[in-house]
Structures are given as structure tokens and as C-alpha cells.
Amino acid sequence: MFRFGLKVNMKPVADEILSRWKRLERGAWRQAMAESIAQTIRFSIQKNFDVGGRYSMKGGEPTGGNRKWEQSYRAKVTGGKTLVNRGVLQRSIDIRVIRGGRAIEARSTFPYAAVHHYGATIKPRRAPYLRFMLADGRWVQTRSVRIPMRPFLVVQPRDIRQMKAIAAYSVD
């Protein structure tokens with residue numbers, strides 16, 4: 001199975017309260033805190049789809065920001081949303097608490113998730129051309145297609161502050 005995603009290690013998210021972290025060594029409290037933080041991540045990623053992207057580039061990696069995704073041809077022609085046609089990519093995102101509440105994993109099992117997130121150039125493997133139908137019904141034959149970067153598994157700085165607040169509240 002294909003997996004693409006990010007992991008949020010709980011200790012760096014709450015680094016200013018690490019001295020109090022030991023109080024959460026009982027799994028139930030840590031698990032409850034991690035579930036609350038996972039919900040914040042879930043809402044943040046959902047909003048990325050709702051508004052057509054919210055990202056910036058930092059150190060060559062996408063992170064939270066205010067940049068929008070480049071609109072897809074299908075969205076332009078049909079008036080729809082980029083990366084939201086039938087909702088397959090959105091529904092493939094799985095956010096789970098792992099390692100007894102010590103980490104949260106956000107991932108997609110959709111085969112092309114990484115292509116949409118990081119962008120790619122698609123080239124034919126067995127034929128000289130790619131051939132496909134566009135959203136307006138026209139057929140196209142080309143040597144390559146560029147899929148622009150549309151990072152969707154990013155969390156906004158505001159949401160990171162909220163995660164830290166949840167962690168701080170959980171240990172007080």
C-alpha cells in the first residue's frame with residue numbers, strides 16, 4: 001500500500017512545557033491530549049481544501065502560510081475547486097494518534113497524493129505521448145504534463161499555537 005504523509009512529534013510541538021511532560025506519562029491523559037491536537041490538525045488540513053490552499057515555502061519545504069494553489073484546468077473550466085472533484089484525495093487523509101499518544105500521523109493512501117503535494121512532471125513510460133481527455137471534452141496528446149505543487153498536508157502557525165495551548169492546558 002502506498003503511504004505519503006507527515007508525522008507530528010508531540011514533544012517539539014509542546015517544547016516549552018517539556019519539564020511538565022512527565023505528568024502525562026499515564027497513557028489516558030496523553031492519548032486525550034493527542035486526540036485534541038489531532039482534531040486541530042484535521043480541521044487545518046480540511047480548511048486547506050476549502051480555501052484552495054494555504055502554504056508558504058520555508059527551507060525548501062511547504063509549511064503553513066497564505067499562498068493559494070495554482071488553479072487546475074478542470075477547476076477553471078467547470079468552476080469547481082482545485083484538488084476537490086469527487087473528494088477522493090480528501091477522504092484518503094487519515095489522521096491518527098500513534099505510539100501511545102507520543103506522535104500524530106497525518107497521511108494519505110491515495111497513490112497520487114505526493115504528486116499533488118510536491119508537484120511533478122508526468123512523462124509516458126511505454127509510448128511516445130500521453131493521451132487524455134480534458135475537462136472540456138477535448139482530447140490532448142503531449143510528451144509531458146507538469147503538475148504544480150499544491151501542498152495540502154500543512155498546518156498553519158495559528159494552529160500550531162493552538163496545539164501548544166492544548167498541550168500546556170493538558171499538563172497544568
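Refer to the preceding data block for the structure.
Everything quoted here is computed from the prediction, not taken from an experiment.

A. Structural detail: the packing of aromatic side chains. All told, the structure shown has three aromatic pairs when counted by the stated rule. With 5.6 Å between their ring centres and 40° between their planes, Phe-49 and Phe-152 make a pair best called tilted. Separated by 103 residues along the polypeptide, Phe-49 in helix α2 (residues 27-51) and Phe-152 in the loop between β9 (145-147) and α6 (157-171) bring together distant segments of the chain. Comparing Phe-49 with Phe-152 shows no difference in burial state: the two are buried. The interplanar angle of 75° and the centroid separation of 5.9 Å between the aromatic rings of Phe-110 and Tyr-112 together place this pair among those described as edge-to-face. A connected cluster of aromatic rings, assembled from ring pairs, spans Phe-49, Trp-69 and Phe-152.

B. Representation of the environment of Glu-35 within the structure. Relative to the helices and strands, Glu-35 is located in helix α2. On the basis of relative accessible area, Glu-35 is assigned to the partly exposed category, the value being 40%. It is 8.5 Å that separates the C-alpha atoms of Glu-35 and Ile-104, two residues lying 69 residues apart in sequence.

Basis of the calculations
Residues numbered from 1 in each chain as written. Predicted model: local features only at pLDDT ≥ 70, side-chain atom pairs only at ≥ 80, totals over all residues. Heavy atoms only, no water. Phe/Tyr/Trp six-rings, centres within 6.5 Å; stacked < 30°, edge-to-face > 60°. Helix = DSSP H or I, 4+ residues; strand = E, 2+ residues; numbered from the N terminus. Buried < 20%, exposed > 50% of the residue type's maximum accessible area, 1.4 Å probe, protein only.

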